[in-house]
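# Per-entry structural report
Chain by chain, the residues:
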Amino acid sequence: MSGERKNDQHDEYDRHDQYDEDDGHSGHSGHSGQSGHAGVHGHDGLHGHDGLQPQDGYGAHREYDELADDDVRYEPFDEDEEQDGGGAPRGSTARRVVMVAAGGVFAALLAVGGYGAYNVLNAVTDNGPSGGHQGPGAVSKAPQDPPTAEQAEAAAKEFLAAWSRGDIAAAAGLTDRPETARAALTAFQEQVGPRSLALTGTGRSQADSPSEPALGFRVKAEFEGTPDAWEYDGVLSVVRSQDGRPVVRWKPSVIHPQLAQGGTIAVKALPNAVSKPTDRKGRPLDTFPSLRAVLPQIAPPDGAATVTGRAVVLSGPGGGGEPEQLFVLTPPSAPQVKLTLDADLQQVAEEAVKQQSANGNPASLVAVQPSTGNILAMAYAPQGGFNRAIAGGQAPGSTMKVITAAALLEAGVGPDTAVPCKATTYSPRAWHNDEPGDFPSYTLADDFSHSCNTGFIDKGLEKLQPGTLGAVARDQFGLGLEWHIGVPSRDATVPAPGNKDEAAASYIGQGRIQANSLAMASVAATVQSGTFRQPVLREDAKRATAPGKLPADVARDLRAMMAKTATQGTARTPMAGLSGQIGAKTGTVEAGGQANNSWFIAYRGDLAVAAEVEGGGHGFSAAGVAAAQVLKAGGKG
């Protein structure tokens, strides 16, 4: 059996550390609300850290309680406060940047961890006379005429050309916030990692205004191992720098129009795909109530691998909101498993069990293909409990007489041998029949079709040894062998009797015998085909092989007796109207003073079915009706 794999686990997109979005200002009087973050985090102001934090899948990231040695600490001060000893006013920004480590600007080293996400912690600007000053590209505070349309187009074209060829320094220098832009563009290159990037101007944007020209552009990013390109449209605006040059106003949306302040954009590993087994025709099965607990137990084939997907993922500020996949580089995939189930027949089985359990009676049904042993349908109720169809264990009643009859036939008793059906017999325990009266002229075939308990008990005690029934059940019908059907199941048990009372009970399927719908459907299938084929849910399951084989003449006689039961005996009512090769056996199990349990096994052509309904009464009623529904839908004469 293939190894078991849990597929119920989905990773969540990681959440990146975020900081106060008011840390730092651009120095432009009309540009309030600039965040103190830079890079692919979508912050276009000063940030409190200057490194890159490696991310791991979608896991959470550590929170910084203290500043590291290379961090930046922001200290608030009053704008009117004078510097010590100089009398000159400090910068006009609301906060002063104090470098805790050597250097004016800390370069970030990116720690690469597979294709996971990366987190830009900060981009630090020059610490000039003004706390928010970023060099000559900064926007001029003095009133100036806005760039003309031609100047704006030229500035945008130059910026896009530099970014396209990977000249991050040149592109950043063409913005009003060079250091912030440099960190953000570098982080985009590292975190998203396109193999090539083509940016083409598309003309004036709808966001264009006389005071700040805006132009559109088209982004085309190509990736290694990905046949399709990621394309999207962006917008940038152009302003004048302090030295009067037209430059791109830097903001997170320059990288991607949906990148908001405090957001992130990166290539991330997607949650692993969940293997969803299908039916034998590739149709989905996850809507069937009886299979909800079964499908997660289906493991991929041995050696099959799950492919982890990758995508460019956009996350909102502070990691909030639902992450959005902007572009899938590699779709996740999981090995698909085709089960032996048939979705059409499964639907009928679900409905049949639902009807017979409507009054609260637990029930189950299994359908098997005799020629292959493939399980075509399984259903049970209630779904909140265990899967009684394959994991249950209870006395199968007179459906066990199929195996008792096989043992008697092999012991020399023929279908036409006289086996009187007494009203009462003793083992020494007293035994009765469901059908009242004495029938001294009954043969073995009559006892079988009318389900006579006393006839089977008398002849079994006369002809069979204590361990014979268990040996026939195991060696020719596979009951008692260890089955591997593809998911956990319970094997039938036919223990050797300790006395004549136990032997008598076993001959009519009561006492210590334990079986379920799966086991008894296999019994019917073995009779129909003449060969035991262990039922399976997946064809690569390791099947048990019976050490013996049902003799051909015994299989023939069993088919004749089951056909007589279906047309003239206790199974005639539910089997009425079914044509072709049919056979059936009813079972009515005493339940200690409560309503009897209903059992029914049957076949029609290459379809065998077993059903049981706890407290359902006679075998031909509840269980018989359910089994017949499935035979009518899927059996062919």
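It should be noted that the structure appears before, not after, this text.
On a predicted model such as this, the values are computed, not experimentally measured, just so you know.

This part takes up the packing of aromatic side chains. To describe a pair of aromatic rings, one takes the distance between the centres and the angle between the planes. Taken as a whole and assessed by the stated rule, the structure comprises seven aromatic pairs. Plain terms: the ring middles of Trp-230 and Phe-327 are 6.3 Å apart, the flat faces sit at 20° to each other, and that makes the pair stacked. Here Phe-327 lies in strand β11 (residues 324–330) and Trp-230 lies in strand β7 (residues 230–240), a separation of 97 residues in the sequence. Taken together through their ring pairs, the aromatic side chains of Phe-223, Trp-230, Tyr-232 and Phe-327 make up a single cluster. Lying across the ring of Trp-431, Arg-429 places its NZ or CZ 3.9 Å from the centre. The ring of Phe-448 carries Lys-585 above its face, with NZ or CZ at 5.6 Å from the centroid.

In this model, Ala-381 is joined to Pro-382 through a cis peptide bond whose omega is 0°. Residue placement: Pro-382 occurs in the loop between β13 (375–381) and α5 (388–391). Backbone torsion omega between Ser-427 and Pro-428 reads 15°, so that peptide bond is classified as cis. Structurally, Pro-428 is set in the loop between β14 (424–426) and β15 (430–432). Of note, the phi angle at Ser-451 is positive, near 55°, even though the residue is not glycine. Here Ser-451 shows up in the loop between α7 (444–450) and α8 (453–463).

Strands sit in the order β9-β10-β11 across an open sheet of three strands; the sheet is antiparallel. Among the strands making up the open sheet, the edge pair consists of β9 (264–269) and β11. The average undirected angle you get between the axes of adjacent strands in this sheet is 25°. Bridging between β9 and strand β10 (residues 310–315) involves six bridges; their strand directions are antiparallel. Along β10, the bridge assignment pairs Ala-266 with Val-313. Here helix α3 (residues 178–192) sits on the sheet and contacts β9 and β10; the angle it forms with β9, its principal contact strand, is near 15°.

This part covers the state of the cysteines. This model, assessed by the stated rule, comprises one disulfide. Paired through a disulfide, Cys-421 and Cys-452 show a sulfur-sulfur distance of 2.1 Å. The sign of the S-S torsion, about 105°, decides the handedness of the disulfide formed by Cys-421 and Cys-452: right-handed. Note that Cys-421 is positioned in the loop between α6 (401–410) and β14 and Cys-452 in the loop between α7 and α8, a separation of 31 residues in sequence. What makes Cys-421 buried here is its relative accessible area of 3%.

Reported here for the largest pocket is a volume of approximately 320 Å³. Lining the largest pocket are 20 residues; nearest its centre among them are His-432, Asn-433, Asp-434, Asn-453 and Thr-588. Listed by contribution, the elements that provide at least two residues to the lining of the largest pocket are β15 and β16 (582–591). Here the lining of the largest pocket is built from residues that sort into three nonpolar, 12 polar and five charged.

Looking now at the packing of α6 against α8. In the contact formed by α6 and α8, the axes pass within 11 Å of each other and the chain directions differ by 40°. As far as their axial angle goes, α8 and α6 are oblique. As for how α6 packs across α8, the hand of that crossing is left-handed. Residues Lys-401, Thr-404, Ala-405 and Leu-408 of α6 touch α8, and the partners they reach there are Asn-453, Phe-456, Lys-459, Gly-460 and Lys-463. Looking at the contact of α6 with α8 residue by residue, the classes come out as three nonpolar, three polar and three charged.

Ile-375, Ile-403, Phe-477, Leu-479 and Leu-558 are the most contacted members of the largest nonpolar core, which has 77 residues in total. Here this core gets eight residues from one element, more than from any other, and that element is helix α11 (residues 517–529). For Ile-403, the residues in contact, after removing those within four places along its chain, are Leu-469, Val-472, Ala-473, Phe-477, Leu-479 and Val-523. Of all hydrophobic cores here, the second largest spans 39 residues; its members include Phe-188, Phe-223, Leu-259 and Val-312.

Cut-offs used in this document
Residues numbered from 1 in each chain as written. Predicted model: local features only at pLDDT ≥ 70, side-chain atom pairs only at ≥ 80, totals over all residues. Heavy atoms only, no water. Phe/Tyr/Trp six-rings, centres within 6.5 Å; stacked < 30°, edge-to-face > 60°. Helix = DSSP H or I, 4+ residues; strand = E, 2+ residues; numbered from the N terminus. Lys NZ or Arg CZ within 6 Å of the ring centre and 35° of its normal. Pairing = 2+ DSSP bridges. Axes fitted to C-alpha atoms, helices over the stretch in contact; angles between N-to-C directions. Contact = heavy atoms within 4.5 Å. Disulfide = S-S within 2.5 Å. Buried < 20%, exposed > 50% of the residue type's maximum accessible area, 1.4 Å probe, protein only. 1 Å grid on protein atoms, 1.4 Å probe; cavity = no way out; pocket = protein on both sides within 12 Å on 5 of 7 lines; lining within 4 Å. Points joined across faces, edges and corners; volume = space filled by probe spheres on them. Nonpolar A, V, L, I, M, F, W, Y, C, P; charged D, E, K, R; others polar. Parallel < 35°, antiparallel > 145°, perpendicular 65-115°, else oblique. Left-handed = near helix turned anticlockwise from the far one by under 90°. Core = buried A, V, L, I, M, F, W, Y, C linked by side-chain atoms within 4.5 Å.

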